[in-house]
Amino acid sequence: MLFRIAMAEDDNDEIQRMTQYWSTLESKCGDIYQISCFADGDLLLEDFYEGKYDIILLDIQMKRMDGMKTAKKIREQDKRVIIIFVTNLMTYALQGYSVKALDFIVKPITYNVFENKMRDVISLVEYRKRIYVSFKTVQGTIVNLDKEEILFVEIRARKLFIHTKEQVYQCNMSLEEVEKKLNDKCFFKCHASVLVNLKNIKEIGKEDVIVGNKSAPVSRHRKKDLIDALTVYISEEA
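Residues numbered from 1 in each chain as written. Predicted model: local features only at pLDDT ≥ 70, side-chain atom pairs only at ≥ 80, totals over all residues. Heavy atoms only, no water.

(A) Representation of the sheet that holds strand β12 (residues 194-197). Strand order in the open sheet formed by 5 strands is β10-β9-β8-β12-β11, and the pairing between neighbours is antiparallel. If you trace the sheet from one side to the other, it starts and ends with β10 (168-171) and β11 (187-191), each paired once. With direction set aside, neighbouring strand axes in the sheet form an average angle of 25°. The sheet contacts of helix α6 (residues 175-182) involve β8 (150-156), β9 (159-164), β11 and β12, and relative to β12 the element is tilted by about 25°. Packing against the sheet, helix α7 (residues 220-237) makes contact with β11 and β12, and its axis sits at approximately 160° to β11. (Pairing = 2+ DSSP bridges. Helix = DSSP H or I, 4+ residues; strand = E, 2+ residues; numbered from the N terminus. Axes fitted to C-alpha atoms, helices over the stretch in contact; angles between N-to-C directions. Contact = heavy atoms within 4.5 Å.)

Here is the structure:
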């Protein structure tokens, strides 16, 4: 599995050490760690957007923008990315809660400490990757959606829309591409242009299905299959 990792650290020796640690862990786990290194917090933020990284390691003390200020800026754009502070100043630990930092690693860092902590973090990211999926909207932004939040996906006027409980997102994808990306038994194609989330179905009508607080069309020749799929899903979840 691919993991995208950013490290902001103004000590080049520390960057090299941490990069080597990631390389060693990669060889042990068989995963791929795509590492991006930055010499200061402001450099990390220059091209930052929601969903760009899975894990961000931040040094607390940096020359232009310290780790805490950087984390606050990150949280303005991305609420879910995992932030870990790397520091020898544990007095900042309480401040870390304000930016929802997952953990702290105290310098000097040994490989054993690094591996133990990162294995737990990687397991968390793997779990998130199973329940969250990222989409690029037509506006160019990245949205990370919990699969359970998705009500249905539809093609309308040759445009694709993802309906959630709160919003509708337009993406430049085909319905088949979305179905493959979701890769989940909860989603059923109830119409040539509609992929519905079985988990959120409230009622199946004559020509439509009520999903959450919205309605989506159901084709007549797929209605029985939809009922059968929903029955199987409910029985498995019971």
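(B) View of the side chain of Asp31. Checked against the element boundaries, Asp31 lands in the loop between α1 (12-29) and β2 (32-38). Buried Asp31, no salt bridge; nearest opposite-charge side chain is Arg119, N-O distance 7.4 Å. A polar contact is formed between the side chain of Asp31 and the backbone nitrogen of Met1, at a distance of 3.4 Å. (Buried < 20%, exposed > 50% of the residue type's maximum accessible area, 1.4 Å probe, protein only. Lys, Arg positive; Asp, Glu negative; His and termini not counted. Salt bridge = Lys/Arg side-chain N within 4 Å of Asp/Glu carboxyl O. Polar contact = N/O pair within 3.5 Å; in protein donor to acceptor, adjacent residues only side chain to side chain.)

(C) Fine view of the packing of aromatic side chains. Enumeration according to the criterion identifies 8 aromatic pairs in this entry. Measuring from ring centre to ring centre gives 5.4 Å for Tyr21 and Tyr111, while their planes differ by 70°; the resulting arrangement is edge-to-face. One end of the pair, Tyr21, is in helix α1; the other, Tyr111, is in helix α5 (residues 111-131), with 90 residues separating them in the sequence. Judged by relative accessible area, Tyr21 falls into the buried class, the value being 13%. With a relative accessible area of 16%, Tyr111 lands in the buried category. (Phe/Tyr/Trp six-rings, centres within 6.5 Å; stacked < 30°, edge-to-face > 60°.)

(D) Layout of the pattern of salt bridges. As enumerated under the stated definition, the model contains 17 salt bridges in all. For the salt bridge of Lys63 with Asp10, the shortest nitrogen-to-oxygen distance reads 3.8 Å. Placement of the pair is Lys63 in the loop between β3 (55-59) and α3 (67-77) and Asp10 in the loop between β1 (2-8) and α1, with a sequence separation of 53 residues. Accessibility expressed as a relative area gives 69% for Lys63, which makes it exposed.

(E) Representation of the pairing of β9 within the structure. Counting buried positions along β9 yields 5 of 6 residues, so the element is predominantly enclosed. For β8 and β9, the ladder comprises 6 bridges, and the chain directions are antiparallel. Bridging across to β9, Val153 finds its partner in Ile162. In this structure, the hairpin formed by β8 and β9 is closed by a connection of 2 residues, where Ala157 is found at a positive phi of approximately 55°. Of the strand pairs in this sheet, β9 and β10 are connected by 4 bridges, and their pairing is antiparallel. Directly across from Phe161, in β10, lies its bridge partner Gln170. Turn length for the β9-β10 hairpin, with the two strands adjacent in sequence and antiparallel, is 3 residues.

(F) The sheet that holds β2, seen in detail. Within the open sheet, the 5 strands sit side by side as β2-β1-β3-β4-β5. Their pairing is parallel. Of all the strands in the sheet, just β2 and β5 (103-106) have a single pairing partner and so form its edges. Neighbour-to-neighbour, the strand axes of this sheet turn through a mean angle of 20°, independent of strand direction. The pairing of β1 with β2 spans 7 bridges and is classified as parallel. Looking at β2, one finds that Ala8 is bridged to Phe38.

Function-wise, these values are silent; they only describe arrangement.
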